[in-house]
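Structural features, examined
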Amino acid sequence: MTEASGPKRIIIGCDHAAYQLKETLKKAMTAQGIAVTDAGTHSEASMDYPETGRAVAAKVSSGEYERGILICGTGLGMSMVANKYPHVRAALCNDLFSAAMSRRHNNANILVMGGRVIGDVLALEILRTWLETPFEAGRHQRRLDMFDSI
Ligand code: RB5
């Protein structure tokens, strides 16, 4: 997969509610040749989502990773955590249209999904769309510049 068609490396994190989905997404990305860094969690044992949310968001915020994925039960908690970090544009996408638009217009650098909201097949389609859809820049870049440094 080239830079033009999607990222070559991704950092992913989840909580217990989305552990199984994380394993599914990791397998799919690895099969596509994407190098996946797993920030945990590593089992279905109950844990606190801000822990892994912070681990992923910090590395996207610093530029160490261009893109990341965060999943929890609803996707809401992970979105709230990630969007506290500068330069993070985390988009909760539980449908395909949002996934495409989050890339085209918002240049989303973290994809968030809710493992208890959507099934694996839809999650995989959302992931594929999000990885492959480019940012349109132009007027959308101006709009991102208006809040990206907050
Ligand atoms: C865990 O029970 C649940 O609260 C978490 O996965 C997430 O949905 C939080 O927003």
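Read on for an overview of the structure. (Residues numbered from 1 in each chain as written. Predicted model: local features only at pLDDT ≥ 70, side-chain atom pairs only at ≥ 80, totals over all residues. Heavy atoms only, no water.)

**Description of the site of the ligand**
Residues in close proximity to the ligand include D15, H16, A17, Y49, C72, G73, T74, G77 and R116, which together make up its full environment. Within the contact set of the ligand, an oxygen atom lies 2.6 Å away from a side-chain nitrogen or oxygen of D15. Looking at the shell around the ligand residue by residue, the class counts come to 3 nonpolar, 4 polar and 2 charged. (Near = heavy atom within 4 Å. Polar contact = N/O pair within 3.5 Å; in protein donor to acceptor, adjacent residues only side chain to side chain. Nonpolar A, V, L, I, M, F, W, Y, C, P; charged D, E, K, R; others polar.)

**Here's the deal with the sheet that holds strand 1 (residues 9-14)**
Here 5 strands make up an open sheet; going across it, the order is 2-1-3-5-4 and the pairing parallel. Two strands lie at the open edges of the sheet, namely strand 2 (35-38) and strand 4 (90-92), each paired on one side alone. Put simply, the sheet's adjacent strands are angled 25° from each other on average, direction ignored. Of the pairings in the sheet, the one linking strand 4 to strand 5 (residues 110-114) comprises 3 bridges and is parallel in character. Directly across from L92, in strand 5, lies its bridge partner V112. (Pairing = 2+ DSSP bridges. Helix = DSSP H or I, 4+ residues; strand = E, 2+ residues; numbered from the N terminus. Axes fitted to C-alpha atoms, helices over the stretch in contact; angles between N-to-C directions.)

**Brief notes about unusual backbone geometry**
When glycine is set aside, most residues are seen to have a negative phi, and most peptide bonds are trans. Residue T41 is reached from G40 by a cis peptide bond, and omega for that bond is 0°. Within the element layout of this structure, T41 appears in the loop between strand 2 and helix 2 (49-61). Positioned with a positive phi, H87 is a non-glycine residue whose angle comes to about 70°. Located in the positive-phi region is A137, a residue other than glycine, with phi close to 55°.

**A look at the packing of helix 4 (residues 96-104) against helix 5 (residues 120-132)**
Running from N to C, helix 4 and helix 5 cross one another at 20°; their axes reach a closest spacing of 8 Å. Relative to helix 5, helix 4 is oriented roughly parallel. In terms of crossing hand, the pair formed by helix 4 and helix 5 is right-handed. Within the contact between the two elements, helix 4 uses L96, A99, A100, S102 and R103 and helix 5 uses L122, E125, I126, T129 and W130. Across the contact of helix 4 with helix 5, the residue classes tally to 6 nonpolar, 2 polar and 2 charged. (Parallel < 35°, antiparallel > 145°, perpendicular 65-115°, else oblique. Left-handed = near helix turned anticlockwise from the far one by under 90°. Contact = heavy atoms within 4.5 Å.)

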